[in-house]
Amino acid sequence: MSEEIDWDPIWQLSRRVLERGEPLVLTPEVCALLRRSAREVAMNEAEAERALGSLPSATELLREIARRIGEGSNKLMRTLNQMYRLRDKGDIQAARQLMLDVLAVEVVPLYREIAEIELEKLDKLK
Amino acid sequence: MKRMRQVLLALLVLGAVGSSSGCSSGAHSVSSKGLLLLAQSAAPCNLTDSTLTCCIKKHPGQPDACGLTAQEVDNILRAVQAVNEAGQAQAAGGERNDTTPEWKQACIDNYVNCVNERWTGSCYDCLRYCEGQRLWPADQCKSRR
């Protein structure tokens, strides 16, 4: 699944609308992009569909999708950086714990998958 | 002038590549601090040092002699250029340039991890994207199994 993900269109849309104040126009293409992206960040499908019913709620949907993508990436990347350092120092347990901490709260499947991959790699070092 | 710039950048790049011993061809990794220093400083590496730097100097145009591929050198070179360009753009925009912004440091750290950990995707392209969007595209450059 993760191989098919391309978050650039939704990220660009979020920057145009949420940062530059451009109007969100709910064309069929934009609605499809929002639906797909909502699914990819593990948002409830029925709620996402309801949100597409009006411009204000669709804008909030876009905001939440962008938040999950952006905050999730920043947090995961920071944690990976710490984890690699711990691993390189030989503290595999602490490195593992960082990945477990990510998995305890992260909901975005792609970010969970990355944490799981790293966890598997760490387990091979034990 | 262009050639001189290329040579200077190549010398600068060498400082961003860590080596465990002398001119050996052992495993190397890109250093985040090294990349950052390269992006902020024009100081070339020490002519008398005995690290990977001297190996490259002894084998100009032969990165494989020091355990690097031409692609690795090229990737690092392009990354340094990208970081430099971002710094110049900030300076032109009036933004402080004496310290590296947190977002930019994060992009560099992620690039370094991307290279060292052999993530999927083009680390260079992801660095450029990160600098433009202030978001590491984890859908493109990420851990591989």
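Here, residues in each chain are numbered from 1, in the same order as that chain's written sequence. Note on labels: chains are lettered from A, ligands numbered from 1, in written order. Residue-level local features of this predicted model are given only where pLDDT is at least 70; pairs of side-chain atoms are given and counted only at 80 or more, and the full residue set underlies all totals for whole chains, interfaces and linings. The side-chain figures draw on all heavy atoms in the structure; neither hydrogens nor water molecules are used.

### Some details on the environment of Lys104 of chain B
Residue and element names in this part refer to chain B. Test applied: What counts as a helix is a DSSP run of H or I of at least four residues, what counts as a strand is a run of E of at least two, and both are numbered from the N terminus. Relative accessibility thresholds used throughout: buried, under 20% of the residue-type maximum; exposed, over 50%; partly exposed, between the two (1.4 Å probe, protein chains only).
Within the secondary structure, Lys104 sits in helix α5 (residues 102–116). Taking relative accessible area as the criterion, Lys104 reaches 6% and is therefore assigned buried. Taking the C-alpha atoms as reference points, Lys104 and Leu135, 31 residues apart in sequence, are found 9.8 Å from one another.

### Considerations on unusual backbone geometry
Residue and element names in this part refer to chain B. With a phi close to 55°, Arg118 is a non-glycine residue in the positive phi region. Position of Arg118 relative to the elements: it lies in the loop between α5 and α6 (123–133). According to the relative accessible area criterion, Arg118 is exposed, its value standing at 58%. The phi torsion at Arg134 lies on the positive side, around 55°, for a residue other than glycine. By the element assignment, Arg134 lies in the segment after α6.

### Notes on the packing of aromatic side chains
The description of an aromatic ring pair uses the distance of the two centres, along with the angle that the planes make with each other. As a reminder of what qualifies: Pairing of aromatic rings covers Phe, Tyr and Trp, the last counted by its six-membered ring, and requires centre-to-centre distances within 6.5 Å; plane angles under 30 degrees mean stacked, over 60 mean edge-to-face, and any other angle means tilted.
The full count for this structure, using the stated rule, is 3 aromatic pairs over all chains. Ring geometry for Trp7 of chain A versus Tyr111 of chain A: centroids 5.6 Å apart, planes at 75°, classification edge-to-face. A residue pair is termed long-range when its members are at least 10 positions apart, and Trp7 of chain A in the segment before α1 (8–19) and Tyr111 of chain A in helix α6 (residues 109–125) qualify at 104 residues. No difference in accessibility class separates Trp7 of chain A from Tyr111 of chain A, as the two residues are buried. Three or more aromatic residues joined by ring pairs make a cluster, and in this case those are Tyr84 of chain A together with Trp119 and Trp136 of chain B.

### Observations concerning the state of the cysteines
Residues and elements named next belong to chain B. Which entries qualify depends on this criterion: Only a pair of cysteine sulfur atoms within 2.5 Å counts as a disulfide in this structure description.
For the coordinates displayed, the defined rule picks out 3 disulfides over all chains. Across a sulfur-sulfur distance of 2.1 Å, Cys107 and Cys130 are joined as a disulfide pair. Its torsion about the S-S bond being -80°, the disulfide of Cys107 and Cys130 is classed as left-handed. In this pair, Cys107 is assigned in helix α5 and Cys130 in helix α6, connecting sequence segments 23 residues apart. On the accessibility criterion, Cys107 (1% relative accessible area) is buried.

### Examining the pattern of salt bridges
The test is simple: The working definition used for a salt bridge is a side-chain nitrogen of Lys or Arg within 4 Å of a carboxyl oxygen of Asp or Glu.
Scanning the model with the defined rule gives 13 salt bridges over all chains in all. Put simply, Glu64 of chain A and Arg67 of chain A hold a salt bridge, and the shortest N to O gap is 2.9 Å. One end of the pair, Glu64 of chain A, and the other, Arg67 of chain A, are both in helix α4 (residues 55–88), 3 residues apart, so they sit about a helical turn from each other. For Arg67 of chain A, a relative accessible area of 37% puts it in the partly exposed group. With its nearest N and O atoms 3.0 Å apart, the salt bridge here joins Glu120 of chain A to Arg145 of chain B. Taken together, the residues span two chains, with Glu120 of chain A in helix α6 and Arg145 of chain B in the segment after α6. Taken together, the salt bridges that share partners define one network made up of Glu64, Arg67, Arg68 and Glu71 of chain A.

### Topic: the packing of α4 of chain A against helix α5 (residues 92–105) of chain A
Geometry of a packed helix pair, given as the angle between the helix axes and the separation of the axes. Residue and element names in this part refer to chain A. Put simply, the rule is: As a rule, the C-alpha atoms of each element are fitted with a line to give its axis, helices using only the stretch in contact, and angles between N-to-C directions run from 0 to 180 degrees. These descriptions rest on fixed angle ranges, namely under 35 degrees for roughly parallel, over 145 for roughly antiparallel, 65 to 115 for roughly perpendicular, and the rest for oblique. Note: crossing handedness is left-handed where the near helix turns anticlockwise from the far helix by less than a right angle, and right-handed where it turns clockwise. Residue contacts follow a heavy-atom distance rule, with two residues in contact if any of their heavy atoms lie within 4.5 Å. Put simply, Ala, Val, Leu, Ile, Met, Phe, Trp, Tyr, Cys and Pro go in the nonpolar bin, Asp, Glu, Lys and Arg in the charged bin, and everything else, Gly too, in the polar bin.
At their nearest, the axes of α4 and α5 sit 7 Å apart, and the two run at 165° to each other. Considering their axes alone, α4 and α5 lie roughly antiparallel with respect to each other. Here α4 runs over α5; the crossing is left-handed. Each of Lys75, Leu76, Thr79, Leu80, Gln82, Met83, Leu86 and Arg87 in α4 lies in contact with α5, whose residues at this interface are Ile92, Ala94, Ala95, Leu98, Met99, Val102 and Val105. Classifying every residue of the contact of α4 with α5 by side-chain character gives 11 nonpolar, 2 polar and 2 charged.

### Some words on the interface of chain A and chain B
To keep it simple, the criterion reads: The term polar contact refers here to a pair of N or O atoms within 3.5 Å; inside protein, the definition further demands a hydrogen-donor-capable atom paired with an acceptor-capable atom, and it admits residues adjacent in sequence only when both atoms are side-chain atoms.
Between chain A and chain B, the residue contacts involve 24 residues of the former and 17 residues of the latter. Inspection of the region where chain A meets chain B yields 11 residue pairs in polar contact (both at pLDDT 80 or more). Of all the secondary structure elements, the ones that give two or more residues to the side of chain A that touches chain B are α1, α4 and α6 of chain A. The residue inventory of the side of chain A that touches chain B, partitioned by class, reads 11 nonpolar, 5 polar and 8 charged.

The values reported here are purely geometric and, on their own, carry no functional implication.
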